[in-house]
Amino acid sequence: MSKGSILAGVLAPHPPHLVYAENPPQNEPRAECGWEVLRWGYERCRRSVLALDPEVLIVHSPHWKTVQGHHLLGVDHFEGLSVDPIFPHLFRYHYELDVDVELAEAIAEAAHEARLVSKLMRNPDFRVDYGTIAACHLINPAWDIPIVAISSNRAHFDFGNDAGQEEMLRLGEATLRAVESTGRRAVVLASCSLSHRHFTVEPEIPEDMSHEHVYHHGQYLWDMHLLELFRRGKSAQVLDEMSDFIEQATSEAKDGSLTWMLAVLGIPDYPAEVHAYGNVIGTGNAVVEWNPVLHSHEAEES
Ligand code: 2XP
Ligand code: FE2
């Protein structure tokens, strides 16, 4: 078996609004339009990563919250209805997905060897969280590639940001080792927003874009700072500044997804492609792709 590899990584935010606005057959509510810049960015990103022909998408989600350790879906197939607890009028999504259980088991084992607590979710009736579903839908609406889904163990919340960072770096390194040893060609998805300050009053028409804008300049400055670092290949600096970003931008990165993904990618020092940035309920969301192939084409052209 040849050694597996990470083909690309994507910062793949999961606001249910983006799925709602696409009107896929799986989602019950219907939208007129909305959040186009982010959705068009997702279209470009989707084309780019699916062209790499990945065998599996590995996603880390802030909305599968586990207290004791890192859990992974461990059944071949899940299906059900996912209803967003805050936006049930936007997201009532009938999902059906396949899991790469062998890889999930290998990641759980590699995590265990790295002295992290891990566990496989073997309940076939488990309801998969909307952070996993929305990010995977937006990257691959055909759902024809199996996934591995990893929970957020909330280490930043329970033990502080420094401990959380260390935990997620170790989980990322363990994930990479498991991908390599199982020979998989994988794309990794960090399902999270950047700044995460919500507005507090929803407009009568959710897709009324006159309400979607930056609500706090400080949060916007942080988002732009991070995107600039991504674009310049400075993910090590992002990790150095992550604790401040988490606190000052109330970032959803506190759930660990972004740190995990940068670790799986080996803390990339090449430029990422920012496909889009936009606000959803006032939060800052970016679709960003780390793809060494794209980068090497850019390098050849310059
Ligand atoms: O608040 C969250 O974490 C959500 N996923 C809701 C929607 C938009 C957030 O950015
Ligand atoms: Fe979220």
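Scope of this entry: the structure provided in the associated data block. (Residues numbered from 1 in each chain as written. Chains lettered and ligands numbered in written order. Predicted model: local features only at pLDDT ≥ 70, side-chain atom pairs only at ≥ 80, totals over all residues.)

Near ligand 1 you find His14, Pro15, Ser193, Glu252, Val280, Ile281 and Thr283, and these make up its full shell. Residues belonging to the shell around ligand 1 are distributed by class as follows: three nonpolar, three polar and one charged. (Near = placed C-beta within 6 Å. Nonpolar A, V, L, I, M, F, W, Y, C, P; charged D, E, K, R; others polar.)

Here the focus is the nonpolar core. Membership of the largest hydrophobic core comes to 83 residues, with the highest contact counts inside it found for Val10, Ile107, Val148 and Leu189. Beyond its immediate stretch of four places on either side in the chain, Val10 contacts Cys45, Val49, Ile139, Val187, Leu189, Val288 and Glu289. (Core = buried A, V, L, I, M, F, W, Y, C linked by C-beta atoms within 7 Å. Buried ≥ 20, exposed ≤ 12 C-beta atoms within 10 Å, placed from the backbone. Contact = placed C-beta atoms within 7 Å.)

Side chains on a regular strand alternate between the two faces of the sheet. Taken across its eight residues, strand β10 (residues 283-290) has eight buried, putting it largely inside the fold. By the alternation rule, side chains of β10 split into Thr283, Asn285, Val287 and Glu289 and Gly284, Ala286, Val288 and Trp290, which are all buried. Pairing of strand β1 (residues 5-11) with β10 involves three bridges; the strand directions are antiparallel. Paired with Val10 across the two strands is Glu289, which belongs to β10. Pairing of strand β9 (residues 273-280) with β10, which is carried by seven bridges, proceeds in the antiparallel orientation. Looking across to β10, one finds that Ala276 is bridged to Val287. Here β9 folds back onto β10, and the loop between the two strands holds two residues, one of which, Ile281, carries a positive phi near 45 degrees. (Helix = DSSP H or I, 4+ residues; strand = E, 2+ residues; numbered from the N terminus. Pairing = 2+ DSSP bridges.)

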